[in-house]
Structures are given as C-alpha cells and as structure tokens.
Amino acid sequence: MDSEIAVDCSPLLKIYKSGRIERLMGEATVPPSSEPQNGVVSKDVVYSADNNLSVRIYLPEKAAAETDSKLPLLVYFHGGGFIIETAFSPTYHTFLTTSVSASNCVAVSVDYRRAPEHPISVPFDDSWTALKWVFTHITGSGQEDWLNKHADFSRVFLSGDSAGANIVHHMAMRAAKEKLTPDLNDTGISGIILLHPYFWSKTPIDEKDTKDEALRMKIEAFWMMASPNSKDGTDDPLLNVVQSESVDLSGLGCGKVLVMVAEKDALVRQGWGYAAKLEKSGWKGEVEVVESEGEDHVFHLLKPECDNAIEVMHKFSGFIKGGN
C-alpha cells in the first residue's frame with residue numbers, strides 16, 4: 001500500500017515505503033509577474049532544458065523601460081535543507097521582490113533539484129550550472145535580454161539562506177578554482193551574503209553552541225536524508241565547513257562577505273565561527289557579522305514585516321548598493 005510511511009519528518013515531509021515523497025511545506029508556487037509588484041517585474045527562464053530547470057529573474061520596472069541602465073546583479077539560492085522549498089514559492093518570490101526593490105538590482109533566483117530524490121551533490125551541480133548560465137550573458141549576447149541589457153557583471157553578488165547560504169559558499173570557492181567563463185580575469189564575484197548559513201558538525205563548535213542532543217541528532221538526520229552517501233555524516237566537509245581542517249577558506253572567491261545570523265537559531269555559532277575562520281585563513285577580503293537579537297532561523301522570511309526583518313533587508317540592500 002502506498003499509504004505506509006517509512007520515514008515521518010513532519011512538518012517537513014513524509015517518505016512512504018513505496019518510495020513516494022510527500023513534502024508538507026514549501027510546495028506552493030506563485031507565477032512571475034509582468035505587472036509590477038513593489039515596483040518589480042519578473043519572469044521565468046529555462047537554464048537547463050535537460051533537467052527542466054528554470055530561474056526566476058527580477059528587474060525594477062524603471063530599469064525595464066531604459067535600454068542602457070546597468071544594475072548590480074544578485075544571484076540567489078533558496079534554502080530548505082536541500083530538501084524543501086523552491087525558487088517559485090510565495091516566500092521567496094516576496095523576499096526577492098523586496099530585495100530587488102530595496103537594492104535596485106537585477107536578481108536571478110535559482111531553482112535546483114532537491115534531495116532525497118536528487119541527493120547531494122546534485123543541488124550543488126545544478127547551482128553551478130545555473131551560475132555558469134548567468135555568466136553567459138557577460139558579453140551581452142546571452143539568451144536573456146534582461147541580463148544582457150541590465151546586469152552589471154562588475155557588480156555580481158551571491159546570496160542564499162540556510163542551505164542556500166551553504167551553496168553560496170561552495171559556489172564562491174569553486175569560482176576561484178574554475179572560471180565561470182573565459183571572459184573573466186578573476187572569479188567574477190564581488191561579494192556574498194550568507195543568511196543564517198547551514199553549516200554543522202558532530203560536536204559543538206564552542207562553549208556557546210547548543211548541547212541539545214535531540215536537536216543535534218535531528219539536524220544530523222536531516223543532513224543524512226539529503227546526503228545519504230556521506231561517509232562522515234555531519235562532519236562531511238560540504239557541511240562541516242567551520243571545524244573541518246580539510247577546509248581552507250583562504251581561497252574564497254570574492255572580496256567581501258556579510259554573514260547574518262539570528263540569536264536563537266541553532267546555527268548561530270556556525271555563522272560566527274565561519275567569519276572567525278575566514279579572518280584567520282589569510283583571505284584578503286572583508287567580513288562582517290550581523291546578529292538579530294531574539295530571533296530564530298530564517299525569521300526574516302517568516303515575518304518579513306517585523307522590525308528586525310526590515311533591518312536585515314536594510315543591511316542586505318546596503319551591501320549590494322555599496323558596490324565592490
């Protein structure tokens with residue numbers, strides 16, 4: 001019977017013995033809009049026909065009416081533990097529309113295949129494919145006119161929340177080793193913004209890190225669902241970026257980093273630890289950490305109208321508008 005449950009991870013998802021996966025949240029979608037929302041228009045464009053994957057592109061309405069208006073380019077990767085959510089959910093559509101309006105930028109929100117049907121490293125591979133697709137527009141002759149006409153490729157910023165922030169880190173590391181396009185003299189990435197980044201380890205990172213074993217086991221189980229072939233569990237260098245001695249951050253491929261964390265988030269110490277490791281690594285850029293007091297994981301997505309979420313957006317947009 002297809003109704004027999006093998007793994008119950010409510011309120012996130014259920015996995016049935018038949019192999020069917022039922023996601024219980026993050027499945028709602030909203031269409032792009034040619035009618036301005038918060039002064040922003042959007043459309044969906046396929047970046048990988050083979051895997052039926054698209055990005056959602058956002059553009060300020062005023063820029064759409066101008067032929068030579070070059071704006072900073074934001075490439076965003078959604079969160080959800082590599083398992084839930086999409087680039088087209090109401091949550092991310094609202095966040096990207098607000099971000100583009102506040103930052104006066106062009107944005108590309110990336111959809112990628114999700115675990116457990118497509119385990120790690122598929123989400124990373126898809127994200128790299130999407131980023132390379134974005135950079136095919138650097139000479140103004142790519143598939144998508146909005147990027148050809150309006151994206152300033154001297155001001156490219158990557159951002160994501162939770163698992164998306166983890167993806168951003170790995171994209172910036174990979175861009176330093178593999179050129180996104182032959183037209184680049186460097187990585188092509190000016191800066192990255194990590195919102196409540198999903199890094200983790202088997203043991204607490206410091207004396208302030210959570211010692212709640214049930215919580216730590218829950219986070220580990222969630223990672224193993226996304227990466228069942230991971231021999232080291234949550235000490236996998238893809239996840240244990242901060243404590244793992246095999247992870248060298250000195251080659252991070254950008255000039256500045258903004259790490260945003262939330263005081264009550266179980267991941268908060270990982271964010272602080274990432275910034276500290278980056279500073280000690282010999283990396284030549286600038287890193288800043290901003291902590292939201294009294295808030296929990298991705299609160300800015302769940303409560304976008306609250307004062308602390310408005311402050312997050314202020315820091316986020318200021319980072320992008322600040323240029324290189």
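Chains are numbered independently. Their residues run from 1 in the order of the written sequence. Local features are withheld for residues below a pLDDT of 70 in this predicted model, meaning they are given only at 70 or higher, and side-chain atom pairs are given and counted only at 80 or more; totals for whole chains, interfaces and linings count all residues. Side-chain figures throughout are based on the complete set of non-hydrogen atoms in the structure, without hydrogens or water.

Asker: I keep staring at the pairing of strand β10 (residues 256–262) and nothing clicks. Help me out?
Answerer: Looking along a regular strand, one sees the side chains alternate between the two faces of the sheet. To sort residues, take the accessible area from a 1.4 Å probe on protein chains only and compare it with the maximum for the residue type: under 20% means buried, over 50% means exposed, and anything in between is partly exposed. A run of H or I in DSSP becomes a helix once it reaches four residues, and a run of E becomes a strand once it reaches two; helices and strands are each numbered from the N terminus. For β10, the tally of buried residues reaches seven of seven residues, placing the bulk of the element in the interior. For two strands to pair, DSSP has to find at least two bridges joining them. In terms of strand pairing, strand β9 (residues 191–195) meets β10 through five bridges, oriented parallel. Across the sheet, isoleucine 193 pairs through a bridge with leucine 258, a residue of β10. When the strands point away from the viewer, a crossover counts as right-handed if the path from the first strand over the helix to the second runs clockwise. Following the chain from β9 across helix α6 (residues 213–226) to the adjacent parallel β10, one finds a crossover that is right-handed. Bridge count for β10 against strand β11 (residues 286–292) is seven bridges, and the pairing is parallel. By the bridge assignment, leucine 258 is partnered in β11 with glutamate 288. For the crossover that starts at β10, traverses helix α7 (residues 268–280) and ends in the parallel β11, the hand is right-handed.

Asker: I tried to follow the nonpolar core on my own but got confused; where do I start?
Answerer: In a soluble, globular protein the nonpolar side chains are often hidden away together inside. Here, nonpolar core refers to any group of buried Ala, Val, Leu, Ile, Met, Phe, Trp, Tyr and Cys residues whose side-chain atoms link them within 4.5 Å. Leu73, Ile192, Leu252, Val257 and Tyr274 are the most contacted members of the largest nonpolar core, which has 77 residues in total. Counting residues per element, this core draws most heavily on helix α5 (residues 163–177), which supplies eight residues. With residues up to four places along the chain from it excluded, the contact list for leucine 252 reads His169, Ala172, Met173, Ile192, Val257, Tyr274, Leu278 and Trp283. Grouped together as the second largest cluster of nonpolar side chains are 27 residues, Phe157, Ala309, Val312 and Phe319 included. In this description, contact between two residues means that some pair of their heavy atoms is separated by no more than 4.5 Å.

Asker: Whenever I open this one, the packing of aromatic side chains confuses me. Can you help?
Answerer: Aromatic ring pairs are reported here in terms of the distance separating the ring centres and the angle at which the planes meet. Whether two aromatic rings pair depends on their centres lying within 6.5 Å, for rings of Phe, Tyr and Trp, where Trp uses its six-membered ring; planes under 30 degrees apart make the pair stacked, over 60 edge-to-face, and the rest tilted. Counting across every chain of the model gives ten aromatic pairs. Between phenylalanine 95 and phenylalanine 316, the ring centres sit 5.5 Å apart and the planes meet at 75 degrees, which makes this aromatic pair edge-to-face. Of the two residues, phenylalanine 95 is situated in helix α2 (residues 90–103) and phenylalanine 316 in helix α9 (residues 307–321); the sequence distance between them amounts to 221 residues. Of the two residues, phenylalanine 95 and phenylalanine 316, neither departs from the other in class, the shared state being buried. Judged by centre distance (6.5 Å) and plane angle (75 degrees), the ring pair of tyrosine 198 and tryptophan 223 falls under edge-to-face. One end of the pair, tyrosine 198, is in the loop between β9 and α6; the other, tryptophan 223, is in helix α6, and 25 residues separate them in sequence. When sorted by exposure, tyrosine 198 lands in the same class as tryptophan 223, which is buried.

Asker: What is the right way to read the sheet that holds strand β8 (residues 151–161) from this model?
Answerer: Adjacent strands of a sheet pair through backbone hydrogen bonds, lying either parallel or antiparallel. Pairing within the open sheet is mixed, and its eight strands lie in the order β4-β5-β7-β6-β8-β9-β10-β11. Of all the strands in the sheet, the pair left with one neighbour each is β4 (40–48) and β11. Across the sheet, the mean angle separating the axes of adjacent strands is 20 degrees when strand polarity is ignored. Bridge count for β8 against β9 is five bridges, and the pairing is parallel. By the bridge assignment, leucine 158 is partnered in β9 with isoleucine 192. Running at roughly 115 degrees to β4, helix α3 (residues 122–135) makes contact with β4, β5 (53–60), β6 (71–77), β7 (106–110) and β8 of the sheet. Only the stretch in contact is used when fitting a helix axis, every axis being a line fitted to C-alpha atoms; angles between N-to-C directions are given from 0 to 180 degrees.

Asker: Is there a simple way to explain the UniProt feature "domain: Alpha/beta hydrolase fold-3" (unreviewed entry) in the protein chain in this structure?
Answerer: UniProt positions are given in the numbering used here, feature names are shortened, and annotations may be inferred rather than shown by experiment. As annotated in UniProt, the feature "domain: Alpha/beta hydrolase fold-3" (unreviewed entry) corresponds to residues 74–300 in the numbering used here. Structurally, residues 74–300 is divided into 34% helix and 17% strand, and its ends, taken at the C-alpha atoms, are 18 Å apart.

Asker: So what exactly am I meant to see when it comes to the pairing of β6 here?
Answerer: Among the seven residues that make up β6, seven are buried, leaving the element largely enclosed by the rest of the structure. Summarising the sheet, β6 and β8 pair through seven bridges and their orientation is parallel. When the sheet's bridge partners are listed, phenylalanine 77 is paired in β8 with glycine 160. Bridge count for β6 against β7 is five bridges, and the pairing is parallel. Within the sheet, the bridge partner assigned to phenylalanine 77 lies in β7 and is valine 110.

Asker: Hey, could you run me through the pattern of salt bridges in this one?
Answerer: Salt bridges are defined by distance alone: a side-chain nitrogen of Lys or Arg within 4 Å of a carboxyl oxygen of Asp or Glu. Tallied over the full model, the rule gives eleven salt bridges. Among the salt bridges present, the one from aspartate 126 reaches arginine 113, with a minimum N-O distance of 2.9 Å. Residue aspartate 126 is found in helix α3, and its partner arginine 113 is found in the loop between β7 and α3; the two are separated by 13 residues along the sequence. Measuring nitrogen to oxygen at the nearest pair gives 3.0 Å for the salt bridge that ties glutamate 288 to lysine 315. Here the residue glutamate 288 occupies a position in strand β11, and lysine 315 occupies one in helix α9, the gap between them amounting to 27 residues. Classification of glutamate 288 by relative accessible area gives partly exposed; the value is 38%.

Asker: What is the right way to look at the environment of aspartate 125 in this model?
Answerer: Topologically, aspartate 125 is positioned in helix α3. The class of aspartate 125 is partly exposed, set by a relative accessible area of 35%. Spatially, the C-alpha atom of aspartate 125 lies 35 Å from that of glutamate 207, the residues being 82 residues apart in sequence.

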